[in-house]
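The primary structure of each chain is shown beneath.
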Amino acid sequence: MSRSSRRLSPLLLPCVLVLSACPQGDVPSEGSDAGSETDDEIGDDTSTDTDPGTTSTESESSTETETSETAETDSSETTETETETDTTDTDTTDTGFEGNPLFDPECSEWIPTKVRARGLDSVWTDGVDIVAGGDVDLVVREAGGWIDTDDIALPTQVGPITRVWGPPNALWLLARDGETHWGVYTFDGSGLSEAHAFTPVVGSEGLDLALLTGASPDAVWAAATPICGGIGCQIDPMCSCEQTPSELVFFDGDTWTDTDAPFQARALWTDGDAVVAVGEGLSGDAGGVAYRIEGGEWVEESIPNLDSLRSLGGVDADDLWAGGLDGALARRVQGSWQDYGLPTSDTIIRVAAVDAAEVYALGDGGELWRFDGVSWSLWLEQAKLRDVGVLDDGLVGVGVDSLFDDGHLVAHIDTSDASLTPLYTREDAFGPTAFVIDSMDSVVGSDRFPHLNWRFDGVSWAPTYEGFNQGFSGLLGAVDEGFGWVSGVPSLGQAVWQISGGEVLAHPDPVDNTAVYTGADLVERDGETQLWIVGRDLSDQSAMVHQLSGGQWFDRTPASPEADSAGRLAHAGGRVFAVLSSSNPITLDIVYSDTDGEWLPIDHGFEWIDHLMATDPEQLWLTGYTSEPEGNQLYGWDGSQWRRVDEDWPEFAGVGDWQRLIRHTDAAAWALTSRLDASEQLAFWDGSDWALVDTPAQLHGWDNPRSNRIAAGPDGLIIHDGLRRWRFEFCPE
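Thresholds applied
- Residues numbered from 1 in each chain as written.
- Predicted model: local features only at pLDDT ≥ 70, side-chain atom pairs only at ≥ 80, totals over all residues.
- Heavy atoms only, no water.
- Core = buried A, V, L, I, M, F, W, Y, C linked by side-chain atoms within 4.5 Å.
- Buried < 20%, exposed > 50% of the residue type's maximum accessible area, 1.4 Å probe, protein only.
- Helix = DSSP H or I, 4+ residues; strand = E, 2+ residues; numbered from the N terminus.
- Contact = heavy atoms within 4.5 Å.
- Phe/Tyr/Trp six-rings, centres within 6.5 Å; stacked < 30°, edge-to-face > 60°.
- Salt bridge = Lys/Arg side-chain N within 4 Å of Asp/Glu carboxyl O.

Caption draft 1: Geometry of the nonpolar core. Ranked by size, the top nonpolar core spans 29 residues in total, and within it Val164, Trp172, Leu173, Phe198, Ala222 and Trp256 carry the most contacts. Mapped by element, the contributors of at least two residues to this core are β6 (137-142), β8 (158-165), β9 (171-177), β10 (182-187), β12 (207-216), β13 (219-226) and β14 (247-251). When residues of this core are assigned to their parent elements, the largest contribution, 5 residues, is made by β9. Those residues in contact with Leu173 that sit more than four places away from it in its chain are Leu138, Ile161, Arg163, Val164, Gly183, Val184, Tyr185, Phe187, Leu192 and Leu212.

Structure, rendered in structure tokens:
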């Protein structure tokens with residue numbers, strides 16, 4: 001028997017549960033016209049992926065949108081359509097589906113749109129050229145044009161970018177690579193490479209990358225300071241995190257050297273000869289400190305009694321300003337410090353000097369203070385600002401471009417009248433949490449507040465479901481005929497909505513005011529399309545499974561007293577599968593409905609079940625693990641036993657982190673990994689065989705593991721990886 005046609009063979013594992021496709025006695029469940037808001041929410045990753053053909057969607061939460069990368073206007077108009085543009089090179093890499101006409105690399109292609117913009121945190125300028133960084137983005141103005149670099153040439157996520165310094169073709173930046181790796185990177189205009197890796201501090205919550213500056217490419221300084229006060233130190237009385245100095249390093253054009261700083265350094269000024277740094281001491285009440293390098297050693301300077309210092313700037317070593325917590329501000333003249341504290345609760349995060357008589361201090365709340373050579377005054381209040389620099393014709397400010405603390409903003413600030421003119425913006429707008437696809441020319445995506453529901457017509461995205469001011473966790477059916485549902489606390493007080501003729505209509509919830517829903521699916525059974533929904537009934541903290549049939553809700557919850565939540569749902573051929581769980585103790589049960597209406601258990605040995613999908617009444621697919629060290633794997637069930645897919649398809653060996661499962665047709669399906677450290681792996685089940693599909697290098701989980709979203713239509717896929725929305729259009733038939 002060939003591999004593609006043989007049944008999955010035995011995997012000896014413990015136990016699980018099973019239910020039926022026929023009614024268990026038609027006992028109506030409670031229904032009301034509107035459910036009230038709830039106080040709890042089961043996690044974001046408990047929604048169920050549903051059939052993504054013409055009755056398909058993906059239901060979970062995610063992220064954002066894009067506007068033109070050369071825009072020089074305010075991008076806050078959320079009513080404008082968003083053109084689906086290719087912001088990176090289109091990847092037409094061989095998909096591995098040799099002989100499959102859908103995936104011929106000559107005609108099928110990946111089309112990305114960069115959609116996330118969470119603000120810019122740091123800026124460097126030489127007076128003309130500008131480099132700004134924040135989150136995973138680098139934005140560059142060079143020779144008068146704007147470039148969103150977009151393509152960071154590393155196999156893993158690098159971000160957030162916290163500091164940038166240097167010109168566009170020889171740029172230094174501070175960033176995190178993955179979950180536990182912090183470093184200094186160089187960017188040469190086309191690719192990124194690591195220059196120095198900081199050492200993690202035991203007991204810390206990570207490293208604060210706040211110091212990066214230099215006098216030339218051969219004289220660069222950077223520091224990482226432990227973030228203390230977390231649970232690691234709370235449970236360890238010997239924790240020395242707060243007494244650990246910064247790793248303050250210097251690059252001389254050849255090598256990086258740790259300078260053994262005896263303090264926690266937050267800011268540094270240098271002209272290549274003099275070096276002055278500020279920060280805080282190593283004891284709990286040390287407050288702000290200042291040091292200089294003299295004879296190759298750090299020498300502490302006498303400084304007024306100030307809170308922790310976070311910024312340092314000035315025109316030369318004999319006239320510097322240091323700012324810190326609660327408006328702390330001090331001036332260094334000829335090596336002597338004087339207190340100039342500002343009347344603000346803002347932390348002074350940046351000091352930028354035009355000359356000795358024109359100095360600016362930016363607070364973390366957006367207050368921009370100005371020194372005129374005699375005194376300081378509040379000059380501009382702009383909450384969007386996160387950093388400023390000095391241009392030849394004014395100031396440059398970077399930050400966010402919306403009231404929701406997102407979107408990219410680079411702006412010119414006129415020092416004659418404090419006016420602000422945007423130079424570059426990119427909106428963080430529509431970030432889909434759910435999709436429903438009729439075809440790749442007819443898609444509706446839904447996001448929670450503030451962007452809500454948008455429709456794609458093959459060319460651009462525009463708002464849809466006019467007048468309905470709520471986004472959905474999941475969409476089921478077709479773009480204009482089906483259902484939408486909301487997990488957690490619905491803003492309109494109701495969780496289940498019917499979509500009819502493109503209009504969203506109120507529909508009774510299955511449980512009156514007391515439920516949190518975690519998954520839903522449309523099931524063809526008994527000659528009708530039924531809505532099934534699962535979750536937790538908060539009135540008694542119990543699992544719930546409900547069925548909408550003939551316009552009436554029925555309670556189909558299995559008799560499982562220990563279960564307090566139902567979070568996964570799948571179906572095939574009228575048979576319904578669900579996952580019930582208990583949080584105390586943590587247990588998992590798989591249940592399905594058989595032909596006599598009785599829930600029956602399926603044996604299994606999984607410690608964790610992520611997603612569930614059925615392609616036949618006797619064929620179930622699952623992502624999860626039997627032990628946490630193995631990570632999420634892809635498993636199949638043949639009606640009697642479980643087996644790991646890589647045992648029958650050797651090409652899957654070594655491919656882990658499987659998470660998402662969705663149906664393509666009744667018998668075909670997709671599986672997708674979700675990870676931070678490599679491009680995602682996609683797999684297609686054609687009804688008899690699994691095959692791997694390569695994805696572009698930039699398609700990987702940019703938010704966090706388990707953050708990817710996928711939906712399928714008859715002529716293509718949409719994947720949202722947390723940074724980009726990808727369209728994969730199949731070859732025409």
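Caption draft 2: Inspection of the packing of aromatic side chains at higher detail. Within the structure shown, the criterion is met by 32 aromatic pairs. Summarising the aromatic geometry, the rings of Phe468 and Phe472 are spaced 5.3 Å apart at their centres and angled 15 degrees between planes, so their arrangement reads as stacked. In this structure Phe468 comes out as buried when scored by relative accessible area, which is 9%. Here the aromatic rings of Phe606 and Tyr635 are separated by 4.8 Å at their centres, their planes lie at 75 degrees, and the arrangement is edge-to-face. Placement of Phe606 in the loop between β47 (599-601) and β48 (608-616) and of Tyr635 in strand β50 (residues 633-637) is noted, with a sequence separation of 29 residues between them. Assigned by exposure class, Phe606 and Tyr635 land together as buried. Each member of the aromatic cluster is reached from another via a ring pair, and the members are Trp110, Trp670, Phe684, Trp726, Phe728 and Phe730.

Caption draft 3: Region of interest: the pattern of salt bridges. This model, assessed by the stated rule, comprises 26 salt bridges. Among the salt bridges present, the one from Asp137 reaches Arg426, with a minimum N-O distance of 3.1 Å. With a gap of 289 residues between them, Asp137 in strand β6 and Arg426 in strand β31 (residues 420-426) connect regions that are remote in the sequence. Here Asp137 matches Arg426 in class, with each residue buried. For Asp208, the salt bridge is made with Arg266, and the minimal N-O distance between the two is 2.4 Å. In this pair, Asp208 is assigned in strand β12 and Arg266 in strand β16 (residues 264-270), connecting sequence segments 58 residues apart. For Asp208, a relative accessible area of 24% gives the class partly exposed. The exposure class of Arg266 is buried, given its relative accessible area of 9%.

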